Amino acid sequence: MAAPNPPFIDRARARPQLSSATGEDIHPIGLIMPAVLMLSAVVLPNEVRIDIDGQTLYASRLMGLALLPVILQRLAKHPIRANLCDLVILLATAWMTVAFTAFYGLEQGLVRGGVLTFDAIVPYMVARTSFRDLSDLRRFLVIVSPIVLLVGLSMLVEVLAGRALVRPLAAQVFGAPINYEGGEAVGRFEFNNVRRFGILRAAGPFSHAILAGAFLVSFLPIYLSSGLRRWPIVIGSAAAVFAVLSVSSAAILGLVVSVGLLVLDRIQRLFDFLSWKLLVPILVALPILIQLVTENGLFVLLGRVTFDPQTAYFRRLIWEFGTQSVMNYPLFGIGFTGYERLSWMPQTVDAHWLMLAIRFGIFPPLAILGVTIAAIIALASAAGRAGPADRRTLAGLVVALVTFIFFGFTVAFFGGVNTWFYLFLGMTVALGFSPRPAPVERGRLAIPAPQPLRQRQARMPFASQRMASASKVSGVSPE
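Residues numbered from 1 in each chain as written. Predicted model: local features only at pLDDT ≥ 70, side-chain atom pairs only at ≥ 80, totals over all residues. Heavy atoms only, no water.

### Observations regarding the confidence of the model for the chain
Right, on to step 1. For the chain, the mean per-residue pLDDT works out to 79, and 74% of the residues sit at or above 70.
Right, on to step 2. Taken as a whole, residues 9–24 scores under 50 in pLDDT and shows 55 contacts with residues more than four places along the chain or in a different chain.
Right, on to step 3. Throughout residues 437–479 the model reports pLDDT below 50, and contacts reaching past four residues in sequence, or to other chains, amount to 46 contacts. (pLDDT = per-residue confidence, 0-100. Contact = heavy atoms within 4.5 Å.)

### Some details on the pattern of salt bridges
Right, on to step 1. For the structure shown, the criterion picks out six salt bridges.
Right, on to step 2. The salt bridge involving Glu 47 is made with Arg 167; its shortest N-O contact spans 2.9 Å. With a gap of 120 residues between them, Glu 47 in the loop between α1 (28–42) and β1 (49–52) and Arg 167 in helix α6 (residues 166–174) connect regions that are remote in the sequence. Taken as a pair, Glu 47 and Arg 167 share a single burial class, namely buried.
Right, on to step 3. Between Asp 86 and Arg 128 there is a salt bridge, and its shortest N-O distance comes to 2.7 Å. Separated by 42 residues along the polypeptide, Asp 86 in helix α3 (residues 84–104) and Arg 128 in helix α4 (residues 106–128) bring together distant segments of the chain. Judged on exposure class, the residue Asp 86 and its partner Arg 128 are both buried. (Salt bridge = Lys/Arg side-chain N within 4 Å of Asp/Glu carboxyl O. Helix = DSSP H or I, 4+ residues; strand = E, 2+ residues; numbered from the N terminus. Buried < 20%, exposed > 50% of the residue type's maximum accessible area, 1.4 Å probe, protein only.)

### With respect to the packing of aromatic side chains
Right, on to step 1. Counting across every chain of the model gives 22 aromatic pairs.
Right, on to step 2. Consider the rings of Trp 95 and Phe 332, whose centres lie 5.6 Å apart with planes at 20°: the pair is stacked. Taken together, the residues Trp 95 in helix α3 and Phe 332 in the loop between α13 (309–328) and α14 (352–360) connect sequence positions 237 residues apart.
Right, on to step 3. By relative accessible area, which is 23% here, Trp 95 ends up partly exposed. (Phe/Tyr/Trp six-rings, centres within 6.5 Å; stacked < 30°, edge-to-face > 60°.)

### Some words on α14
Right, on to step 1. Summarising burial for α14: eight of the nine residues are buried, a large majority.
Right, on to step 2. Regarding α14, the residues found buried are His 352, Trp 353, Leu 354, Met 355, Leu 356, Ala 357, Ile 358 and Phe 360.
Right, on to step 3. Where α14 ends, the next residue or the one after it, Gly 361, has phi of about 95°, a positive value.

### Details of a nonpolar patch on the surface
Right, on to step 1. On the surface, Leu 84, Leu 87, Leu 91, Ile 362, Phe 363 and Leu 366 cluster together into a nonpolar patch covering about 560 Å² of accessible area.
Right, on to step 2. Locating Ile 362 in the fold gives a position in the loop between α14 and α15 (363–385). (Patch = residues over 30% accessible without salt bridge, like charges linked within 9 Å, V, L, I, M, F, W, Y side chains within 5 Å. Areas by Shrake-Rupley, 256 points an atom, 1.4 Å probe, with all protein chains shown as cover.)

### A closer look at unusual backbone geometry
Right, on to step 1. Although it is not a glycine, Arg 230 adopts a positive phi angle of roughly 60°.
Right, on to step 2. The phi dihedral of Val 247 is positive, around 50°, even though this residue is not glycine.
Right, on to step 3. Here Val 247 lies in the loop between α9 (231–241) and α10 (249–268).

### A few points about helix α17 (residues 416–432)
Right, on to step 1. The end-to-end C-alpha separation of α17 is 24 Å, in line with the 24 Å expected for 17 residues at 1.5 Å each.
Right, on to step 2. Counting buried residues in α17 gives 17 out of 17 residues, a clear majority hidden from the surface. (Expected span 1.5 Å × (residues − 1).)

### Quick notes on the nonpolar core
Right, on to step 1. Counting residues in each nonpolar core, the largest one holds 114 residues, and the members touching the most others are Phe 140, Phe 215, Ile 368 and Trp 420.
Right, on to step 2. Here Ile 368 is in contact with Ile 89, Ala 92, Met 96, Trp 353, Leu 356, Phe 421, Tyr 422 and Leu 425, once residues within four sequence places are set aside. (Core = buried A, V, L, I, M, F, W, Y, C linked by side-chain atoms within 4.5 Å.)

### What about the environment of Phe 404?
Right, on to step 1. As for its placement among the helices and strands, Phe 404 is situated in helix α16 (residues 388–408).
Right, on to step 2. Assessed through its relative accessible area of 3%, Phe 404 is described here as buried.
Right, on to step 3. Residues Phe 404 and Thr 372, spaced 32 residues apart in sequence, show a C-alpha to C-alpha distance of 9.0 Å.
Right, on to step 4. Those residues in contact with Phe 404, other than ones at most four positions away along the chain, are Ser 218, Trp 353, Phe 413, Trp 420, Phe 421 and Phe 424.

In structure tokens form, the structure reads like this:
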């Protein structure tokens, strides 16, 4: 009797994973479990926290502390093959502490900057030590698909109820979180049920609706191109579509960009002269060219396709005054201090790359953005050497990174989304620069499909006969 078709993963290797060049075996699920736990903490609301001596330990920060010994143990026993991207990320995140020390002084700078460095480097290293090849990615996507779906369903429930539910419920248990402005506590956070077009802008467990949308959108190209089958790809892709419930123009535009790039990937396969090696430089250069050539720039152009023109105008002012602040303080930035702006403008910065430059100087955002682009190029290069199924998966990761770059110009990553960004960046660097070639498309599932006990018993005699026959030929006992 032929074995039943596996329900989850198509064309993933069935061999045990090797944790390093030392050749020691490590269980495939155990390898990716730190990344799974980190993502689980990402989707917990900010209300889930512990306040100790003026420091707030959010769920993702607590998980990072818990996983730190695991990371150090893995690095000691099975060192990763570090590359230039790892060095640049280490320098960029360490610069956050250096910049804050230069601005606030040694004592405050080490505490404030050290926490932000920790929040960036730990998720990155969790991913770097958890992923070796695309089989690990696919296992990760299977396990976390219900978690991603739960975020989307929580947003649906909030839209149907017409009010925020997840964070207020968490606040009843853990207390309302402290609201910060300029790095200083200014009171308790108040929940506002913001509507657009008469629909609640659902945020689920995240601090803002646009963050919830960005989180879900990032999963769409990954799941659609993952090579998964049946329920994991269905619920993973469906969860990403719930991003529309954020009623965010950036989230919906992100969905359009993701689908458009996936369609472009299908089209380029029809022409020999097109490849991701050619398309990636074009995709990177296009927004820069628009910013330089057009009269009003890229951000005004994006503002014309937003739901709220007033918000688009406000973001243009943020870039205008924020860029001037970076020009005035290019080396170390101004920390949490509000940048010079019009009196009626709040100090929030709705652009991740600009926010990093204002806080820490120009080096960290350029370095992190450079690593992101390098990971895109590495994934595109690996896709050119991979088989069809793995090539599609690598292309999906490229699309997700491009989407993250786009979001970085329209929203500041903070809270769980900031953790997810560095976790995902570490994952793509690990897969793009992996010394191990892409999995050969042979065999089936690395996670065997469960079989009924009766069927396993029926197949065991045949297996025993084959083993006995093999032992007669080789002269080696099956024991």
